[in-house]
Amino acid sequence: MTETENMRNRPDKEKIKDEIVKKLKRTFGVTFEEATKEEIYKAVGLSVRDLIFDIWADGNKQVAEQGVKRLYYLSAEFLMGRALGNNMISLHLLDTCREALSDLGLSLEDIEARENDAGLGNGGLGRLAACFLDSLSTLDLPVTGCSIRYEHGLFKQKLVNGEQTEEDDNWLESGDIWEVPRPEDKVEVKYGGQIEELWTENGLKINHTGYNSVIAYPYDYPVIGYESKIPATLRLWSARGKSDIDVQRFNKGDYAKAVEESALAAAVSQILYPEDNHEQGRQLRLKQFYFFTSASMQFIVNRHKKHYGDLHTLPDYYTVQINDTHPTVAIPELIRILMDDEDMSWDEAFGIVSRMFNYTNHTIMSEALERWNEQMFRELLPRVHKIVSVIDGLFRDKIWNKWPGDWGKLNELAIIGNGEIRMANLCIAVCNKVNGVSRLHGEILRTRTFRDFYILFPDKFLSITNGITHRRWLAKANMPLTRLITEHIGDGFLKHYREMDKVRELITDEGFLRDFEAVKAENKIRLRDHLYRKQGVEIDPDTAFDVQAKRLHEYKRQLLKIMHILHLYHLLKADPDAAVTPTTFLFAAKASPGYYRAKEIIRLILSVGELVNNDPRTRDRLRVVFIENYGVSEAEFLVPAADISEQLSTAGLEASGTGNMKFMLNGAVTIGTMDGANVEISEAVGDDNIFIFGARAEEIERMEQRGDYNPSAFYEQNDDIRRVLDSFVNGVLPVPPDRQFRDIRDALLEDNYDRADQYFLLYDFESYDRVYAELMRAYGDRDRWRRMTAANMANAGAFFSDRTIIEYNDRIWGLKGLAINE
């Protein structure tokens, strides 16, 4: 269907109203007057879904008929956000639907709020995957994302008695109107058992016995891009038992045993990232990753046989991107399927797989590179372990040929070593391309993290900087700014990202700058009202909104920020006339339930907030607010309202970051280290429009190599640092004596930890304090600040995920769009 046809078939306001009323009757058996808000939301969503399904069905049919190459994007997370409003924008229906609902006495915003955020992701990894689906669809490139249909999200965060608690995120409790079950594509996934190798006149045959299995039951979820002709497909696999109930046991009265097998199978897809600080949790995670990758590989093979036949042509029709190491087991699994089920030789199967797979690395930290205990892996996946062992043997030969006699190099680079299976090493050994996600990250991978791999495979490595979808993070999250931009340059930038560059011509236009500032003020009021409704928190939109919103991890250094707030508190206590700009500090982060230090940092933030928010001498100048249960929908309120974007990670540890890009797009000014994509943001906006502090990555590396960093010296020599750290333990903070923050203080100073202050907070504190003061002086110069914020927004186009996808496609995937039948 062409865009002209789409425009012609787009429903008007009256048709939408009529469709909503019909859906209520035909789906729920109620009239509009009787319907609940939940039913009305579903009726609206189903009406929009029908329009998407028409385009989706036509696009998928043409992809199959034309034999167009399709990307399979494997990720343990897809942090999608709410779909309703985003889909309306993509279909050019937002204003029409708003008017239709208004005529019915309803608010679109109230109806949207009935949709649960899909509990399919947690942080930047999942949000990037979601942005990629949006961009691939907008660019009309065929893609299927593959993951798990988690019954429960990570958790709902509640702040109780000054600390994080976790509650069940049962996001599917009311169903999901966007998904479509595909029972015809269900497959069996096998665990454990024994493997018998039988050599016959036709070659090797594998007999797998004594295994346990689950059924992978698929659901498809359309992701429509802006004016898309080929909506993306998100395929989510749900785990089920071979049968729901053992009838014989049930009839004997053994009710628990009758459903035990089904319940154990369903556990595989129950929850996102089950806690893995115990053996059962680690096993479950491995089961999860194998579950969705095995199901996805089986689906690819079955689909190819149905449409194209010869499996030797798989690489001509499919390319597979592994998003971080979680889906790595897909590599040996596809080899297993091609050899054991389809009778290919090793050389044939390995050759096909090595042409199909590519790997995106997302971490520089070696401890975050996934490794599995070999014994557990062998017991759970015996045949796959055998295949990994063969790959390891062949790869060891390659290493030995390159560095003969170097046992240290061999053990370091091998896939299996020290009783572990190293998934990143497996990816690099087999995949066609390996990419980092910012220019700095790619350089560190080549020169540090994977230096020897780069020597072995120099042509494999490349850098492609991450991006965000401006449909979600501008058109959806910041409608007032979208309207302002559209008034000046039209709305073509929503489809063609390079048109955003036209905004650069407006950043010296005083009228535009005044309107831009008014948009920011409007968004700050919107956030104020939202936080009051949601948490009963009052904030002043006339203060500076200083925001740090990201997953809670020590290297992201939320601790540095709260230390600095405590420093400002002490300044004001000593001198009420100190030059401290009235500021609301907004934190948003979840800490993994088993990550003790991260949860303690949240408790510290809340404690400092209680201190400064209630002290008469500081509460009008400093306010600390922690936004509960941060996710995509919360971010859509927070990001457009931010004045200051805090990007404080230790230089050399953040692969890219995408929050920095979202805040930049919405006119926040960054204070940050030269880390990840901050380096490229700095180049894009210019030194005058960003505030950089702290040690550079090479300086951190030198200190680590020399081992001469002494944080205690900074404590002894810097009165401000000493005053802040002493406040953790001397009763300044409003917590009981036995709940002071001695562990955090000691981790920054004491040698009996792995390494005192391993993320260099004390080293960077003075630099941060100095640069932060410069930032606040700039904030006080309203003309200068307007120009800075506009310059950030106007230069954000380089960080749109459409650009990222075009680069992936040009350098890795080689996808082509449809020859659309006009």
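Residues numbered from 1 in each chain as written. Predicted model: local features only at pLDDT ≥ 70, side-chain atom pairs only at ≥ 80, totals over all residues. Heavy atoms only, no water.

Another aspect to go through is the overall build of the chain. Counting secondary structure elements, the chain contains 34 helices and 23 strands. Over its C-alpha trace the chain gives a radius of gyration of 27 Å, about what one expects of a compact globule, namely 28 Å for 822 residues. Its C-alpha atoms give the chain principal-axis dimensions of roughly 90 × 75 × 60 Å. The buried share among the 822 residues of the chain stands at 59%. Within the chain, contacts between residues at least 6 apart in sequence are counted, and of these 76% link residues at least 24 apart. For the chain, the exposed surface amounts to about 32000 Å²; the carbon and sulfur share of it is 45%. Each charge sign in the chain was given a centre, from 104 positive and 131 negative side chains, and these centres are 1 Å apart. (Helix = DSSP H or I, 4+ residues; strand = E, 2+ residues; numbered from the N terminus. Rg over C-alpha atoms; globule rule 2.2 N^0.38 Å. Buried < 20%, exposed > 50% of the residue type's maximum accessible area, 1.4 Å probe, protein only. Contact = heavy atoms within 4.5 Å. Areas by Shrake-Rupley, 256 points an atom, 1.4 Å probe, with all protein chains shown as cover. Lys, Arg positive; Asp, Glu negative; His and termini not counted. Charge placed at Lys NZ, Arg CZ, Asp CG, Glu CD.)

Moving on: the packing of helix H23 (residues 558–574) against helix H24 (residues 596–614). Closest axis-to-axis distance for the H23/H24 pair is 10 Å, and the angle between their directions is 20°. By the criterion of interaxial angle, the relationship of H23 to H24 is roughly parallel. For the pair H23 and H24, the sense of crossing is left-handed. Along the contact surface, H23 presents Gln-558, Leu-559, Ile-562, Ile-565, Leu-566 and Tyr-569, while H24 presents Ile-601, Leu-604, Ile-605, Val-608, Leu-611 and Val-612. Broken down by class, the residue content of the contact of H23 with H24 amounts to 11 nonpolar, one polar and no charged. (Axes fitted to C-alpha atoms, helices over the stretch in contact; angles between N-to-C directions. Parallel < 35°, antiparallel > 145°, perpendicular 65-115°, else oblique. Left-handed = near helix turned anticlockwise from the far one by under 90°. Nonpolar A, V, L, I, M, F, W, Y, C, P; charged D, E, K, R; others polar.)

Let us look at the packing of helix H10 (residues 279–307) against helix H12 (residues 330–341). Orientation of H10 relative to H12, taken along the N-to-C sense of each, is 45°, at an axis distance of 9 Å. Viewed along their axes, H10 and H12 adopt a mutual orientation that is oblique. Along this stretch, H10 crosses H12, giving a crossing that reads as right-handed. Contacts between H10 and H12 involve Tyr-290, Thr-293, Ser-294, Met-297, Gln-298 and Val-301 from the first element and Ala-330, Glu-333, Leu-334, Arg-336, Ile-337 and Leu-338 from the second. The residue makeup of the contact of H10 with H12, split by class, is seven nonpolar, three polar and two charged.

On to the pattern of salt bridges, then. Inspection of every chain in the model, using the stated rule, returns 62 salt bridges. We note a salt bridge from Arg-739 to Glu-163, for which the minimum N-O separation is 2.9 Å. Highlighted residues: Arg-739 in the loop between helix H30 (719–727) and helix H31 (742–749) and Glu-163 in strand E4 (residues 163–167), separated in sequence by 576 residues. With a relative accessible area of 30%, Arg-739 lands in the partly exposed category. A relative accessible area of 27% places Glu-163 in the partly exposed class. For Lys-524, the salt bridge goes to Asp-643, with nearest N and O atoms at 2.7 Å. Taken as a pair, Lys-524 in helix H22 (residues 510–535) and Asp-643 in the loop between helix H25 (632–641) and strand E21 (644–647) lie far apart in primary sequence, 119 residues in all. Asp-643 matches Lys-524 in its accessibility class, with the two residues each being buried. In this structure, a network of salt bridges that share partners links the residues Lys-13, Glu-14, Lys-17 and Asp-103. (Salt bridge = Lys/Arg side-chain N within 4 Å of Asp/Glu carboxyl O.)

Another point: helix H17 (residues 423–430). Counting buried positions along H17 gives eight out of eight residues, so the element sits mostly inside the fold. For H17, every residue scored as buried is listed here: Met-423, Ala-424, Asn-425, Leu-426, Cys-427, Ile-428, Ala-429 and Val-430.

Relative to the assigned elements, Lys-573 resides in helix H23. Expressed as a C-alpha distance, the spacing of Lys-573 and Arg-617, which sit 44 residues apart in the sequence, is 6.8 Å. Among the polar contacts listed, one links the side chain of Lys-573 to the side chain of Asp-615, at a separation of 2.9 Å. (Polar contact = N/O pair within 3.5 Å; in protein donor to acceptor, adjacent residues only side chain to side chain.)

Burial of strand E1 (residues 70–74) is extensive: five of the five residues sit out of reach of the surface. Note: E1 against strand E11 (residues 318–323), five bridges, orientation parallel. Looking at E11, one finds that Tyr-73 is bridged to Gln-321. Of the pairings in the sheet, the one linking E1 to strand E2 (residues 143–148) comprises four bridges and is parallel in character. If you follow Tyr-72 over to E2, its bridge partner there is Thr-144. (Pairing = 2+ DSSP bridges.)

Turning our eyes to something else, we now look at the nonpolar core. Phe-291, Leu-338, Phe-357 and Phe-377 are the most contacted members of the largest nonpolar core, which totals 205 residues. Dropping the residues within four chain positions of it, Phe-291 is found in contact with Ile-148, Val-189, Tyr-191, Val-214, Ile-215, Ala-216, Trp-237, Ser-238, Ala-239 and Val-268. (Core = buried A, V, L, I, M, F, W, Y, C linked by side-chain atoms within 4.5 Å.)

Moving on, we come to the environment of Gly-652. Here Gly-652 is to be found in the loop between E21 and helix H26 (659–665). If sequence neighbours within four positions are ignored, Gly-652 has contacts with Ile-364, Ile-444, Arg-448, Asp-675 and Ala-697.

The six strands lie next to each other as E20-E19-E18-E21-E22-E23, forming an open sheet whose pairing is parallel. Of all strands in the sheet, those with a lone pairing partner are strand E20 (622–627) and strand E23 (691–692), marking the two edges. Here six bridges tie strand E19 (residues 583–588) to E20, and the two strands are oriented parallel to one another. Directly across from Thr-584, in E20, lies its bridge partner Arg-623.

This part takes up the sheet that holds strand E15 (residues 420–422). Here we have three strands laid out as an open sheet, ordered E13-E15-E14, and antiparallel in their pairing. Edge positions in the open sheet fall to strand E13 (371–373) and strand E14 (416–417), since each of these has one partner strand only. Bridge count for E14 against E15 is two bridges, and the pairing is antiparallel. Its bridge partner lying in E15, Gly-417 is registered against Glu-420.

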